[in-house]
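The primary structure of each chain is shown beneath.
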Amino acid sequence: MKKINEYRKDIINKLPTWKKHMIGNGNGNGLLFKIAIYFLSITFAFVFIYPLFYMFMISLMSNTDLVDSTILWIPSGVYYRNYIFAVNGLRLDELYFSTMIDVISNKSAFTDVMYSVELRKLLVIIGIIPLTVIFGGLYVESRKRLFYLSTLFVMIIMILPISYVDSLYVAGSQTIVTVFSSAIIGYGLARFKFKGKKLIMMLMLLVYVLPKTLLFMPRSMLYNTIGIKGTMFALWMPSFFGQGLQATFFILIFFQFFKMMPAQIEESAYIDGANTLTIFFRIALPMAVPALVISLTYGFAVNWNEMFLTNIYLNGNIKTIPMLLQGLQEAWGAAADYSVGSDVVNVDFTESKAFAGTMLSIVPLVIMYGIVQRYFIESIDKSGITGE
């Protein structure tokens, strides 16, 4: 009995310590809190990773494995021909610099429209170097370093597959133009008072909620009339005027961010003789790095996956990865070998080949997010999207 009482007293004395270890003292260090956090994190990670893992495993299967009920996840053998076909179907076996050499050396083999499209694309890619040096020089002292980095970036683009370059060209240029115009519009709405400001905000939100398919027909007719349909100007023009994909969302992000900027900073700059453009480029934009990271990352992903409007406005003159992915089955129909002695079991187009193409199409997005994910998460915390 005495030992029982001693044991009970010992439990009572150690109860606060156990409670502190299990629940914590209000700072979230309790064991139960950590278990709940890890459980939720693993659950959400599984929800997002499962589709990618499923597609990857299916892409490694042959048609025989697909119809085998005993094979669920692990294939009997790695059928790499799915990826060989996907590489060919998505034009990942054609390097950009070799294509440009053919365009420049054999102009007669291309139509005037295709030649101008390829030439304009090359000029934009090479133009990355002077633009980086000029605008980057506003914020970085070493312009020589900017020149070397931008030159290296252009050289990397030159050795990429042409379909990746086309997708980067379409998605990247649209994203930069959209984010730049959104930053200017957001700054104007946040820092200036003028009549009709609320009306503009209301109309902007109204256009944002309208389906994009509702406006593409009149825009397509307009672009055809002014002669820019079939060129990148059909995508750049609405982006420049704040009508690009998700432009309203980006404008609201910049509006919220610039609205929180202290007025004393602008007043001090005006006293020192700075004008509005100087304040915007020298003060406002450097402070809006979190908003820029969010807009650039999300905008690039949206424009990369956009296929409907891009295909209509460009008249098929530029084929991005999502467009080629949509026509993957047709490409297989033209490349499939139905002759005697061929691999007749795997000759049919199945989800294995489609998933192989899908995995290759998201590689640039995965690499991009892997590079910027730390800055992206920090930017969400700092940008005030939640109204904090």
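These numbers come from a predicted model, not from an experiment. Each chain has its residues counted from 1, following the order in which its sequence is written. pLDDT decides what is reported in this predicted model: residues at 70 or higher carry local features, side-chain atom pairs at 80 or more are listed and counted, and totals for whole chains, interfaces and linings draw on all residues regardless. Heavy atoms throughout the structure, all of them, feed into the side-chain values; hydrogens and water do not.

### So, the overall build of the protein chain
- Helix and strand assignments follow DSSP, with helices taken as H or I runs no shorter than four residues and strands as E runs no shorter than two, numbered in order from the N terminus. Each helix and strand counted, the protein chain has 21 helices and zero strands in total.
- Each residue is assigned to one of three classes by its accessible area relative to the maximum for its type, calculated with a 1.4 Å probe on protein chains only: buried under 20%, partly exposed between the two thresholds, exposed over 50%. Of all 388 residues assigned to the protein chain, the portion counted as buried reaches 38%.
- Any two residues whose heavy atoms approach within 4.5 Å at even a single point are treated as in contact. Of the contacts formed within the protein chain by residues at least 6 apart in sequence, a portion of 73% connects residues at least 24 apart.
- The Shrake-Rupley method, run with a 1.4 Å probe, gives the accessible areas here. Residue values count only the displayed protein chains as cover. With the model as given, the accessible surface of the protein chain reaches about 23500 Å², and the carbon-plus-sulfur share is 69%.

### Digging into the packing of helix 15 (residues 276-287) against helix 16 (residues 289-305)
- Put simply, helix 15 and helix 16 touch, their axes get as near as 5 Å, and they point 70° apart. Here helix 15 lies roughly perpendicular to helix 16, going by the angle between them. Note on element contacts: helix 16 touches helix 15 through Val289, Pro290 and Leu292, opposite Leu285, Pro286 and Met287.
- By residue class, the composition of the contact of helix 15 with helix 16 is six nonpolar, no polar and no charged. Angles here are taken between N-to-C directions and fall from 0 to 180 degrees, while the axes themselves are lines fitted to C-alpha atoms, restricted in helices to the stretch in contact. Angular relationships are summarised with four words: roughly parallel below 35 degrees, roughly antiparallel beyond 145, roughly perpendicular across 65 to 115, and oblique for the angles in between. Following the grouping adopted for this structure description, the nonpolar residues are Ala, Val, Leu, Ile, Met, Phe, Trp, Tyr, Cys and Pro, the charged ones are Asp, Glu, Lys and Arg, and the polar ones are all others, Gly among them.

### A few points about the packing of aromatic side chains
- Pairing of aromatic rings covers Phe, Tyr and Trp, the last counted by its six-membered ring, and requires centre-to-centre distances within 6.5 Å; plane angles under 30 degrees mean stacked, over 60 mean edge-to-face, and any other angle means tilted. Following the criterion strictly, the structure yields 23 aromatic pairs and no others.
- Measuring from ring centre to ring centre gives 5.9 Å for Phe254 and Phe258, while their planes differ by 20°; the resulting arrangement is stacked. In this pair, Phe254 and Phe258 both sit in helix 13 (residues 247-259), four residues apart, roughly one turn of the helix. Grouping residues by exposure puts Phe254 and Phe258 together as buried.
- Grouped by ring-pair contacts, the aromatic residues Phe180, Tyr187, Phe192, Phe254, Phe258, Phe280 and Phe281 constitute a single cluster.

### Remarks on the side chain of Thr297
- Summarising the element assignment, Thr297 is placed in helix 16.
- Classification of Thr297 as buried rests on a relative accessible area of 9%.

### Description of helix 15
- To estimate how far a helix should reach, multiply one less than its number of residues by 1.5 Å. Given a rise of 1.5 Å per residue, twelve residues ought to cover 16 Å, and the 15 Å separating the end C-alpha atoms of helix 15 matches this to within 8%.
- Within the sequence span of helix 15, burial applies to Ile279, Phe280, Phe281, Ala284 and Leu285.
- Looking at the packing, one finds that the buried side of helix 15 touches helix 9 (162-191), helix 13, helix 14 (263-271) and helix 16.

### A word on unusual backbone geometry
- Not every positive phi belongs to a glycine, and Arg91 is a case in point at roughly 60°.
- In this structure, Arg91 sits in the loop between helix 4 (81-89) and helix 5 (96-105).
- Under the relative-accessibility criterion, Arg91 is labelled partly exposed at 26%.
- Even without a glycine there, the phi angle at Gln246 is positive, about 60°.
- Within the secondary structure, Gln246 sits in the loop between helix 12 (233-240) and helix 13.
- Owing to a relative accessible area of 23%, Gln246 belongs among the partly exposed residues under this scheme.

### Topic: the pattern of salt bridges
- Salt bridges are counted wherever a side-chain nitrogen of Lys or Arg sits within 4 Å of a carboxyl oxygen of Asp or Glu. Under the counting rule described, the total for this entry stands at four salt bridges.
- Connected through shared salt-bridge partners, Glu118, Lys121 and Asp166 make up one network.

### Focus on the nonpolar core
- Grouped together as the largest cluster of nonpolar side chains are 25 residues, with contacts concentrated most on Leu90, Trp304 and Leu360.
- When contributions to this core are tallied by element, the ones reaching two or more residues are helix 2 (31-59), helix 4, helix 9, helix 16, helix 18 (321-326), helix 19 (328-335), helix 20 (351-361) and helix 21 (363-383).
- Setting aside its immediate chain neighbours within four residues, Leu360 contacts Tyr83, Ala86, Val87, Leu90, Leu92 and Tyr164. Buried Ala, Val, Leu, Ile, Met, Phe, Trp, Tyr and Cys residues form a nonpolar core when they are joined through side-chain atoms within 4.5 Å.

### Some details on the confidence of the model for the protein chain
- pLDDT is a per-residue confidence score from the predictor, ranging from 0 to 100. In the predicted model, the protein chain carries a mean pLDDT of 81, and the fraction of residues at 70 or more is 84%.
- Per-residue pLDDT, averaged within each element of the protein chain, yields its smallest value for helix 1 (residues 2-23) (57) and its largest for helix 9 (92).
- Low pLDDT (under 50) marks residues 384-388, which in the prediction has six contacts with non-local residues, meaning those over four places away or in another chain.

### A word on the side chain of Ser163
- Positionally, Ser163 belongs in helix 9.
- Setting aside chain neighbours within four positions, we find Ser163 in contact with Leu90, Arg91, Leu92, Ile321 and Leu324.

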